[in-house]
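# Overview (structure and organization)
Spelled out, the chains give:
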Amino acid sequence: MTDYHDMWKELGIDLDAHDGLLEVLPPMYEENILSQEGRPGGMEYFDFVFSEVHGLRIKELVEHREAGAVVVGTFCTYVPEELIIAAGGICVGLCAGAQVAAEEAEKYLPRNICALIKSSLGFKLAKVCPYIESCDLLVGETTCDGKKKYFEMLGELQPVHIMEVPQMKLEHDRDLWRKEIRRMLERMEEMTGKKIGEKQIRDAIRLVNEKRKALLRLEELRKSDPPVISGRDALLIDQIAFYDDPARLTEKINALCDELEERKKAGVSIGGAHRPRILLSGCPMALPNWKVATLIETSGAVVAMDEMCTGIRYFDNLVEEDAADTEALLDNIADRYLNIHCAIFTPNRERIEHIKQLVEDYDIDAVVHYSLQFCDPYTVEAFSVQREMEKEGVPFLYLETDYSSEDTGQLTTRIQALIEMVGCAEKA
Ligand code: BJ8
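A brief report on the enclosed structure follows. (Residues numbered from 1 in each chain as written. Predicted model: local features only at pLDDT ≥ 70, side-chain atom pairs only at ≥ 80, totals over all residues. Heavy atoms only, no water.)

Within the protein chain one finds 19 helices and eight strands. Against the 2.2 N^0.38 benchmark of 22 Å for 428 residues, the protein chain shows a C-alpha radius of gyration of 21 Å, consistent with a compact globule. In the protein chain, the proportion of contacts linking residues at least 24 apart, taken out of those at least 6 apart, comes to 75%. For the protein chain, the centre of its 49 positive side-chain charges and the centre of its 78 negative side-chain charges are spaced 2 Å apart. (Helix = DSSP H or I, 4+ residues; strand = E, 2+ residues; numbered from the N terminus. Rg over C-alpha atoms; globule rule 2.2 N^0.38 Å. Contact = heavy atoms within 4.5 Å. Lys, Arg positive; Asp, Glu negative; His and termini not counted. Charge placed at Lys NZ, Arg CZ, Asp CG, Glu CD.)

If you want it as structure tokens, here you go:
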């Protein structure tokens, strides 16, 4: 085992608090991920990446910066990683999925703010995240109100660039968003002191599209029934996709998909039998948040699809590569990203249509809508999703939770009741 304490110290990490955090992660990983039976061999790479989450990948970031390049942190799937990569940078997702330093964060934020925002600030204040400490720039966005205000606070601690994400998708919203894409490109040029050319943008688009294609290939394999991969392993891969090297990750996902295709042909599955198929929809589940996915899968069902930003919302739709020049490439990037259907938009009918389509394509038995407590966009939109699912006759369960384990018993009871009901309906 390599000792990374000197590297963490250089980054300004609070070593004692960080050691405490690193003690908690392995048992969590064991309980939620490694304890699953029949996992494909290709998951070994992702287990390794997770085991080195604050080690080897951070070392790569440090070396990248030593070579004169930049690291940029993001908090939302609307931020185009292509522009960061085109500037020779590394893009890392920074949303936190574990409760850290909540009391400290509550000195600056109200108690009733979503766990994702509170924990992200907690990680920064407690100095336990080597990712955020490795960043030359943080890119925030005007999505939900909590995030907007959180980024103002973060701006007092580190350089922050804010992208204005519109809240509607009318023509003038598109115009604004295209301008924001150009403004972001200029910020990257200003920061690196280098002009970003057409070739760099084209190459970055291709690289990220390849990653998306690999993730979509994996999603296609999740249509298998009985399943060839668990929802938890698919979620883990999506979470890792936010910070791993894109080319290496693409290769490893494709190798895993080759293995899963072989498994499918040979009739090898995880668990060996049909199980109720659940679509998880709602707020993102940032690493290491596996709580709800684990409860669903240890209750006898499989998460067959995730309509979340740590799921298909992250990689659905490619950037159109066919474009005459830089301006057209930037328009294509803008168009692809504005085609993400987050609940901060109004109206957001496209998200509901997407969920309906996924229910059909993935032969879904029930939808579990997951909202983080105090997340207004998803909590309110859940009512529209529920109404639509009722119309379609799709069983629906609404869950509102946070990062604590206090409600595990109550969540388990509700999830088990849903799975039992779906199982009985299937037998009838
Ligand atoms: S595109 S889902 S990553 S905004 S959970 S912080 S919405 S109060 S994370 Fe999101 Fe971008 Fe949308 Fe995706 Fe606010 Fe809700 Fe908290 Fe949220």
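A separate point is the packing of aromatic side chains. If you walk through the whole model with that rule in mind, you get 13 aromatic pairs. Aromatic pair Tyr78 and Phe345: ring centres 5.7 Å apart, planes at 45 degrees, arrangement tilted. Of this pair, Tyr78 sits in the loop between β1 (71-74) and α5 (81-86) while Phe345 sits in the loop between α16 (326-337) and α17 (349-361); the two residues are 267 residues apart in sequence, bridging distant segments of the chain. On the basis of relative accessible area, Tyr78 is assigned to the buried category, the value being 1%. Ring plane angle 20 degrees and centroid distance 4.0 Å describe the contact between Phe242 and Tyr314, whose orientation is recorded as stacked. With a gap of 72 residues between them, Phe242 in the loop between α12 (231-240) and α13 (246-266) and Tyr314 in helix α15 (residues 312-315) connect regions that are remote in the sequence. The burial state of Phe242 is the same as that of Tyr314; both residues are buried. In this structure an aromatic cluster arises from ring pairing among Tyr29, Phe50 and Trp290. Just above the ring of Phe345 sits the side chain of Lys169; from NZ or CZ to the centre is 4.4 Å. Over the ring of Tyr362 we find Lys223, and its NZ or CZ is 5.2 Å from the ring centre. (Phe/Tyr/Trp six-rings, centres within 6.5 Å; stacked < 30°, edge-to-face > 60°. Buried < 20%, exposed > 50% of the residue type's maximum accessible area, 1.4 Å probe, protein only. Lys NZ or Arg CZ within 6 Å of the ring centre and 35° of its normal.)

Hydrogen bonding along the main chain pairs the strands of a sheet, whether they run parallel or antiparallel. Taken together, four strands build an open sheet; the order of strands is β2-β1-β3-β4 and the sheet is parallel. A strand with exactly one partner marks an edge of an open sheet, and here the two such strands are β2 (90-93) and β4 (160-163). Strand after strand, the sheet turns through a mean of 25 degrees between neighbouring axes, direction not considered. Looking at chain direction, β1 and strand β3 (residues 137-141) are connected through three bridges and run parallel. Residue pairing across strands places Val72 opposite Leu137, the latter belonging to β3. Sheet strands in contact with helix α4 (residues 56-66) are β1 and β2, and its direction is about 145 degrees off that of β2. Contacts from helix α9 (residues 145-154) reach β3 and β4 within the one sheet, and its direction differs from that of β3 by about 155 degrees. (Pairing = 2+ DSSP bridges. Axes fitted to C-alpha atoms, helices over the stretch in contact; angles between N-to-C directions.)

Right, let's talk about the environment of Glu190 for a bit. Looking at where Glu190 falls in the secondary structure, it is placed in helix α10 (residues 171-192). By relative accessible area, Glu190 is classed as exposed at 64%. Distance in space between the C-alpha atoms of Glu190 and Phe48 is 36 Å, their sequence separation being 142 residues.

Okay, the pairing of strand β5 (residues 277-282) next. Here β5 lies mainly inside the structure; six of its six residues are buried. Of the two faces of β5, both are covered, the one formed by Arg277, Leu279 and Ser281 as well as the one formed by Ile278, Leu280 and Gly282. Note that β5 and strand β6 (residues 302-307) share five bridges and pair parallel. Following the sheet pairing, Leu279 is matched in β6 by Met305. Read from β5 through helix α14 (residues 291-297) to β6, the crossover connection turns out right-handed. Sheet analysis places β5 next to strand β7 (residues 366-372), joined by five bridges and oriented parallel. Bridging from a neighbouring strand, Ser281 pairs with His369 of β7. (Right-handed = clockwise from strand over helix to strand, strands pointing away.)

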